[in-house]
Amino acid sequence: MGFIWGALVFCLAHKLCTCEDILCDRRPLGTTTDPLPPDSRFKIEIIGVTDKYIPTRQYTIRLSATDNTSTFVAFTIWARGDIKPHDKNPQKTAHLDEGFVFPSPNSETTPNKKCNNSVVQTDLTPKTSVEAYWKAPKKENKCVTINAVVAVKRDVWYRQDGPLSKRVCEDRRNVLDMQPTKNDNCEATEDARYLLTFEGMWSYNTHSKMYPESEDLARFSDVVGASHNSKFNVFKYNSDASEGLKRLAEQGNTTQLEIEIMKQLGRNVRTIVKAVAPLKTNMRTTSMFRVTRDHHLVSLVTALIPSPDWFLGVSNMELCDVRTGAWADNLTLNLYPMDAGTDSGKKFDSSNDETMPPQPISTAVINPTVPKEEVRPFARLQFDLIRTYRRTFNTEPSIDVTETEVEDAEEESGTATATTTTEITSEDSAEKSDPNCPMSAWDEWLECEGACVDKQIEGYQIRFRHHLVNNQPVDLYGPMSKRIPKDCIDKYSVNELRACTDNCDEEESEAN
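Each value, and the rule that gives it
- Residues numbered from 1 in each chain as written.
- Predicted model: local features only at pLDDT ≥ 70, side-chain atom pairs only at ≥ 80, totals over all residues.
- Heavy atoms only, no water.
- Helix = DSSP H or I, 4+ residues; strand = E, 2+ residues; numbered from the N terminus.
- Buried < 20%, exposed > 50% of the residue type's maximum accessible area, 1.4 Å probe, protein only.
- Contact = heavy atoms within 4.5 Å.
- Areas by Shrake-Rupley, 256 points an atom, 1.4 Å probe, with all protein chains shown as cover.
- pLDDT = per-residue confidence, 0-100.
- Pairing = 2+ DSSP bridges.
- Axes fitted to C-alpha atoms, helices over the stretch in contact; angles between N-to-C directions.

1. Quick word on the overall build of the protein
A tally of helices and strands in the protein yields 6 helices and 31 strands. Counting over 512 residues, the protein shows a buried share of 48%. When contacts within the protein are restricted to residue pairs at least 6 apart in sequence, long-range pairs at least 24 apart make up 71% of them. Accessible surface computed for the protein: about 26,500 Å², of which carbon and sulfur atoms make up 46%.

2. Quick word on the confidence of the model for the protein
Averaged over the protein, the pLDDT score is 82; the fraction of residues at 70 or greater is 82%. Note on residues 1–12: pLDDT under 50 across the span, and 19 contacts to partners over four residues away in sequence or across chains. Of the regions scoring below 50 in pLDDT, residues 508–512 engages in 8 contacts with residues more than four places distant in sequence or in other chains.

3. Examining the pairing of strand S4 (residues 74–81)
With respect to burial, S4 is a largely interior element, 8 of its 8 residues being buried. Residue alternation in S4 divides its side chains into two sets, Ala74, Thr76, Trp78 and Arg80 and Phe75, Ile77, Ala79 and Gly81, and both sets are buried. One ladder, built from 8 bridges, connects S4 with strand S11 (residues 143–153); its direction is antiparallel. For Ile77, the partnering residue across the bridge sits in S11 and is Ala148. Relative to strand S9 (residues 118–121), S4 runs antiparallel, the two sharing 3 bridges. Paired with Thr76 across the two strands is Val120, which belongs to S9.

4. Quick notes on the side chain of Asp171
Along the chain, Asp171 turns up in the loop between strand S13 (165–170) and strand S14 (190–200). According to the relative accessible area criterion, Asp171 is buried, its value standing at 9%. When neighbours within four sequence positions are excluded, Asp171 is seen to be in contact with Lys52, Tyr53, Pro55 and Met178.

5. Some points on the sheet that holds strand S3 (residues 58–65)
The strand order across the open sheet formed by 4 strands is S1-S3-S10-S7, and the pairing between neighbours is antiparallel. In this open sheet, the two strands that pair with only one neighbour each are strand S1 (42–46) and strand S7 (100–103). Neighbouring strand axes in the sheet, compared pairwise and without regard to direction, differ in orientation by 25° on average. Bridge count between S7 and strand S10 (residues 129–135): 4 bridges; the pairing is antiparallel. Among the inter-strand pairings, Phe100 is bridged to a residue of S10, identified as Lys135.

As structure tokens, this is what we get:
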């Protein structure tokens, strides 16, 4: 009993436990010395979380040295739930569910035998970082605090204050309204193909106060976007819209935006994604696209037509799961209208009223009388993993397009991939590159791409060239890319884009 009372007095004095934790001694290595206040050398964090957690989701907890060099030998990591009145005795208190803390595979953590729901070190070797898992509690458990105590020597340790304590609260938003956590270190070992389903959920029946008076005119534009890396953005919330996004949001014209994406194709963009507009605003359309470990984000946009400059979209949707480092099996996201900040019109049928200067992209206020919390999704995106591919580094840029799929109709899909053959002429190569970084001649221009309107295409076309290694063409992202000298990789452009016009036949014009 003496040990129990001694441990309890010590724990209560240093806020390491409550009366419910009489047998729980969280002092590292059972030390009897007093703790030191944290000195900012060590911190506890929940990967991918700032101040909100999603109920029942599993997170990685990391205890680490802020300078990446300071070491510790022992620790205890645990979770603590909020206090609530005791169900049977209002004069007492109890803790809400804090979830569950447990070791992660191949980590230097093990369950704490003296204290439930906590982990400690497996050995006393000096370490700069350790990780554990935390399974968040179910809904209605308010806030949870993740704590850590750290020992740098057997009798020198720091209590759970400041950077060694992380309080997070339940995110009460609809899970379908939240994008996955960004993964800055995708470790997927294979490339992947996803099926995109854009499901329109916008109709007069569901959005009577947020639908055009001329119901027959309401539609979505084509869905356009890209799979890409973090260096590229189709759009950014709270930033100005590009010229391409401006045209899409105001006119439903995707051509300029496709040109902007095409300019990054083969570098920051892996695939241009395009799905034909659904026939009605409550129908579906689909497309398939490729992603790689280096291009694991997807961004998509579609215009609300008619409207001043309103659109739906997602920016930097993460497909590489931050928790597992692998491709997500399926993801779903609700879409709500955004304002491109380029037209000051207030109604669907407002005349053009250019906003000067342009304003940052923001949430669209279509009807001020509808409270924000009552706005229903206008569409929903579904991403389903179709298959994975062994990484061959043969990542030729591509455009993936799938025809519209009507609800309950038979699925029809197809893809079109832009590829070229290489022709080498020493004359062209000599004019465009130096002997240390030779380049091939430009390929032939690909066909003019764009919408067929009044029997004419006004769009863009692209051509490619390649680095030469031993007088042989090497694709910048192909299997032999390692043979290209590092100093040459970014010295010359490997693609070139230009505007174009071309005639198109009557059938194609009618189809568009």
